[in-house]
Amino acid sequence: MKWLLPILILTVLIAGCTDTIPTTLVCPDGTQVLGSLGACPATSFCKGTARCYYATVTKIIDGDTLEVDHNTSIRLALADAPEYDEIGGAEAAEFVMNICEKDSIVLIDEDDRQTEGSYDRLVAVVYCKGNRWNINDVLIKKGFATVDEEFCNISEFANEDWVKNYGC
Ligand SMILES: [Ca+2]
Ligand SMILES: [Ca+2]
């Protein structure tokens, strides 16, 4: 669908200053949002019934842990990156910083089968850059993190391609 973006941009340019631009955004669950400025609702990305909400990134702790809203640490479900001071740790953290930038809004989809958390951290998949990137998925695909195989039989997300193809 890479061809879609230039067409959308062109449509916006042609439409100029009109308020109502008749473009449609198709969300992951198939729902459609009208208007070029519309955004997919959080619920179209959310899986399961556990917590799922938008939050602001306040700190990247390492390649698999970040803090949102100054009060919640998020542990990325199924993705295990090295500690910050281990080999590859700083690179993984830097990669997360670039995708899920500080002060940006991200979507947190809690792992329905790990709602007890992990060391006071909420276990979740995090969508960044306007929900275009599942950071857990991208970290593993790019080799900055490996699949946390001990959770393959536990996690809500274990049957998804981004982990099935990389160890689960
Ligand atoms: Ca969920
Ligand atoms: Ca780790």
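Residues numbered from 1 in each chain as written. Chains lettered and ligands numbered in written order. Predicted model: local features only at pLDDT ≥ 70, side-chain atom pairs only at ≥ 80, totals over all residues.

Trainee: Which parts of the structure should I look at to understand the pairing of strand β8 (residues 122-128)?
Mentor: Walk down a regular strand and you will see the side chains alternate between the two sheet faces. Taking burial as the measure, the seven residues of β8 include seven buried ones, the bulk of the element. On β8, burial covers both faces: Leu122, Ala124, Val126 and Cys128 on one face and Val123, Val125 and Tyr127 on the other are all buried. Both strand β7 (residues 105-110) and β8 contribute to a ladder of four bridges, which runs antiparallel. Bridging from a neighbouring strand, Ile108 pairs with Val126 of β8. Both β8 and strand β9 (residues 133-134) contribute to a ladder of two bridges, which runs antiparallel. When the bridges of β9 are listed, Cys128 appears paired with Trp133. Between β8 and β9, which pair antiparallel one after the other, the connecting turn spans four residues, and Lys129 there sits at a positive phi close to 50 degrees. (Buried ≥ 20, exposed ≤ 12 C-beta atoms within 10 Å, placed from the backbone. Helix = DSSP H or I, 4+ residues; strand = E, 2+ residues; numbered from the N terminus. Pairing = 2+ DSSP bridges.)

Trainee: Just to check I follow, could you spell out the nonpolar core for this structure?
Mentor: Within soluble globular proteins, side chains that are nonpolar tend to cluster in buried spots. Formed by 37 residues in total, the largest nonpolar core has its most connected members in Val96, Cys100, Val106, Ile108, Val126 and Leu139. Contributing elements (two or more residues each) for this core: β3 (52-62), β4 (65-68), β5 (72-76), α2 (89-99), β7, β8 and α3 (135-141). Per-element accounting of this core gives the leading share, seven residues, to β8. (Core = buried A, V, L, I, M, F, W, Y, C linked by C-beta atoms within 7 Å.)

Trainee: Honestly, unusual backbone geometry in this entry has me stumped. Any pointers?
Mentor: Trans is the common state for peptide bonds, and a negative phi is the common state for residues other than glycine. Positive phi, normally seen in glycine, also occurs at His70, with a value near 65 degrees. Considering the arrangement of structural elements, one finds His70 in the loop between β4 and β5. In this model, Leu78 sits at a positive phi of 65 degrees, which is unusual for a non-glycine residue. Tracing the backbone through its elements, the reader meets Leu78 in the loop between β5 and β6 (79-80). You can call Leu78 buried: it has 33 C-beta atoms within 10 Å.

Trainee: Explain the environment of Ala81 here, please?
Mentor: Tracing the chain through its elements places Ala81 in the loop between β6 and α2. Note: C-alpha distance between Ala81 and Ala92 (eleven residues apart in sequence) is 6.7 Å. Ala81 has contacts with Asp62, Gly63, Asp64, Gly89, Ala92, Leu139, Phe144 and Ala145, leaving out every residue within four places of it along the chain. (Contact = placed C-beta atoms within 7 Å.)

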